[in-house]
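# Reading the structure
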Amino acid sequence: MSRPRRERLRVTGVEDVGPYALVRVDRGGLEPGVPGQFFMLEAPGRVLPRPMSLCLAPRGELGFLLDPIGPGTVALATLEVGDRINVFGPLGNGFRLDVARPLLVGGGIGIAPLPYLSEALERPPAVLGFRSEHHAEAAALLPNAEVVIDPTLITEVMPLDRDVLACGPEPMLEAVRALVPDAQLAWEAPMACGYGACYGCVVEVDGELKRLCVEGPVLCFS
Ligand SMILES: Cc1cc2nc3c(=O)[nH]c(=O)nc-3n(C[C@H](O)[C@H](O)[C@H](O)COP(=O)(O)OP(=O)(O)OC[C@H]3O[C@@H](n4cnc5c(N)ncnc54)[C@H](O)[C@@H]3O)c2cc1C
Ligand code: FES
């Protein structure tokens, strides 16, 4: 398991991918970790860092795909090459990679951890769902994926005889879990510290309280 480190890293690229932003930073001494693990990125002008899954790990860099939905993600998505930001990670539990017949499933910005996961699993089949053609431009990050656009749902096209590894909005994860109870699912909760100290990310899972940053974000229920 990689040891998390905090470093101030230089931004090496910022590009639009549909409505999302792909932000790349120099890797410095940070390890990319296991797909599904996350990093805390300090947005300029914001007190609390924001959790982000690792999307890509090209040589010497870390790449993050951001959906600019609020002040922190907008500040990160509008960084410029040469800016420096504090990055802490890798954190949490990622996906188990010892699966026989993987199928990657992603909804919206839930595609973020899948390109790195796909590389680690040698490009297995994938199904992605987006709310519009513009959002679906992000599917270019996972070239072999089948793509559906609302109102078609991922669960309408997803084969059920595979080892599912999924990330996406909660209703999508619940629907996937109902069809494939042993799916590995990457969940989200607002996080302040990322390493178990603040209890800000506690979620109730099947009647049990869990700190998602240390027991997740990837959980499997079977
Ligand atoms: C482990 C993990 C990995 C993530 N990876 C990515 C990623 O790769 N790319 C990406 O774009 N986003 C990712 N997120 C979500 C991202 O961290 C939040 O969208 C971000 O922190 C919002 O910050 P903000 O200041 O832009 O918006 P805020 O103003 O903080 O939030 C905007 C709205 O989103 C809600 N919200 C904020 N954070 C969360 C959350 N984590 N879960 C549910 N609702 C939330 C708020 O309640 C508010 O309604 C991840 C979250 C987690 C926990
Ligand atoms: S984010 Fe602080 S305990 Fe999980």
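In this text the structure is predicted, and so the values were computed from the model without any measurement. (Residues numbered from 1 in each chain as written. Chains lettered and ligands numbered in written order. Predicted model: local features only at pLDDT ≥ 70, side-chain atom pairs only at ≥ 80, totals over all residues. Heavy atoms only, no water.)

## Some words on the site of ligand 1
The environment of ligand 1 is formed by 20 residues, the closest being Arg 50, Pro 51, Asp 67, Gly 72 and Thr 73. Here an oxygen atom of ligand 1 sits 2.8 Å away from a polar atom, N or O, in the side chain of Arg 50. Pro 51 places a main-chain nitrogen or oxygen 2.7 Å from an oxygen atom of ligand 1. Compared with its free state, where it exposes 870 Å², ligand 1 has 72% of that area covered by protein. When residues of the shell around ligand 1 are traced back to their parent elements, those giving at least two are β4 (50-53), β5 (61-66) and α1 (71-77). Counting residues per element, the shell around ligand 1 draws most heavily on β4, which supplies 4 residues. Split by residue class, the shell around ligand 1 holds 13 nonpolar, 4 polar and 3 charged. (Near = heavy atom within 4 Å. Polar contact = N/O pair within 3.5 Å; in protein donor to acceptor, adjacent residues only side chain to side chain. Areas by Shrake-Rupley, 256 points an atom, 1.4 Å probe, with all protein chains shown as cover. Helix = DSSP H or I, 4+ residues; strand = E, 2+ residues; numbered from the N terminus. Nonpolar A, V, L, I, M, F, W, Y, C, P; charged D, E, K, R; others polar.)

## Observations regarding the side chain of Glu 61
Along the chain, Glu 61 falls in strand β5. Within polar-contact distance, the side chain of Glu 61 engages the side chain of Thr 12 at 2.9 Å. For Glu 61, the residues in contact, after removing those within four places along its chain, are Thr 12, Arg 24, Val 25, Asp 26, Arg 27 and Leu 56. (Contact = heavy atoms within 4.5 Å.)

## Concerning unusual backbone geometry
Here the amide bond leading from Asp 150 into Pro 151 is cis, since omega sits at 15 degrees, within 30 degrees of zero. Mapping Pro 151 onto the fold places it in the loop between β9 (146-149) and α4 (154-157). Phi is positive for Glu 122, which is not a glycine, with a value near 60 degrees. On the secondary structure map, Glu 122 appears in the loop between α2 (114-120) and β8 (126-130). Positive phi, close to 60 degrees, is recorded for Tyr 199, a residue that is not glycine. When you line up the elements, Tyr 199 lands in the loop between β11 (184-186) and β12 (202-205). On the basis of relative accessibility, which here comes to 53%, the residue Tyr 199 falls in the exposed class. (Buried < 20%, exposed > 50% of the residue type's maximum accessible area, 1.4 Å probe, protein only.)

## Details of the sheet that holds strand β14 (residues 218-220)
Taken together, the 6 strands give an open sheet; going across it, the order is β9-β8-β7-β10-β11-β14, and neighbouring strands pair in mixed fashion. On the outer flanks of this sheet lie β9 and β14, each paired with one strand and no other. Direction aside, the axes of adjacent strands within the sheet are offset by 20 degrees on average. Bridge count for strand β10 (residues 163-167) against β11 is 3 bridges, and the pairing is parallel. Paired with Cys 167 across the two strands is Ala 186, which belongs to β11. Helix α5 (residues 170-179) contacts β7 (102-107), β10 and β11 of the sheet and is inclined by roughly 170 degrees relative to β10. (Pairing = 2+ DSSP bridges. Axes fitted to C-alpha atoms, helices over the stretch in contact; angles between N-to-C directions.)

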